Amino acid sequence: MEFRETGDRVGVGSGRAPAGGAEVLAVTYTPGVQTVEVREGENRGRTVRHVNVVREVTRLGEWRGRPMLYALPQTANGDAVAVLIQGKTDRRIIGAAVKD
């Protein structure tokens, strides 16, 4: 995979697609540690740490082994995007790349 210099697209090259094909997903997340003060429930009053909090998962399209170019979702300031290629049948991750 290769992110375009403009930052708004990612290219996925050719390769052997799994039986049943694959899909390309963009996972938007806030990198690093996030601390949250719990206000209700059994953890009320505690401060909880989370790392790389996922904000959204977006399906970019299908991949069948041929080179393709996909538009990336807009991100909020400070968020990052991980792009995953996932088999449709067995849901295995067969490729991944991160754009900060």
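See the structure printed just above.
All figures in this text were calculated on a predicted structure; none of them were measured in a lab.

**Considering the sheet that holds strand β7 (residues 93-99)**
Inference 1: With antiparallel pairing, four strands are arranged side by side in an open sheet as β4-β3-β6-β7. Only two strands of the sheet have a single neighbouring strand rather than two, namely β4 (47-63) and β7. Across the sheet, the mean angle separating the axes of adjacent strands is 20° when strand polarity is ignored.
Inference 2: In the sheet, strand β3 (residues 22-37) pairs with β4 via 14 bridges, with the strands oriented antiparallel. Paired with Leu25 across the bridge in β4 is Arg59.

**Quick word on the sheet that holds strand β2 (residues 9-12)**
Inference 1: Strand order in the open sheet formed by three strands is β1-β2-β5, with antiparallel pairing between adjacent strands. Because the sheet does not close on itself, it has two edges, and the strands there are β1 (2-3) and β5 (68-71).

**Points about the environment of Gly65**
Inference 1: Looking at the element boundaries, Gly65 is found in the loop between β4 and β5.
Inference 2: Its relative accessible area of 10% is what places Gly65 among the buried residues.
Inference 3: For the pair formed by Gly65 and Met1, sequence separation is 64 residues and the distance between their alpha carbons is 12 Å.
Inference 4: Discounting chain neighbours no more than four positions away, the residues touching Gly65 are Gly13, Ser14, Gly15 and Ala17.

**Brief notes about the nonpolar core**
Inference 1: In this structure, Val10, Val12, Ala22, Val24, Ala26, Leu60, Trp63, Tyr70, Leu72, Val81, Val83 and Ile85 together form the largest nonpolar core, which totals twelve residues.
Inference 2: Elements supplying a minimum of two residues to this core: β2, β3, β4 and β6 (80-87).
Inference 3: For Ala26, the residues in contact, after removing those within four places along its chain, are Glu56, Val57, Thr58, Leu60, Pro73, Val81 and Ala82.

Rules behind the numbers
- Residues numbered from 1 in each chain as written.
- Predicted model: local features only at pLDDT ≥ 70, side-chain atom pairs only at ≥ 80, totals over all residues.
- Heavy atoms only, no water.
- Pairing = 2+ DSSP bridges.
- Helix = DSSP H or I, 4+ residues; strand = E, 2+ residues; numbered from the N terminus.
- Axes fitted to C-alpha atoms, helices over the stretch in contact; angles between N-to-C directions.
- Buried < 20%, exposed > 50% of the residue type's maximum accessible area, 1.4 Å probe, protein only.
- Contact = heavy atoms within 4.5 Å.
- Core = buried A, V, L, I, M, F, W, Y, C linked by side-chain atoms within 4.5 Å.

That's the geometry; what it means functionally is another story.
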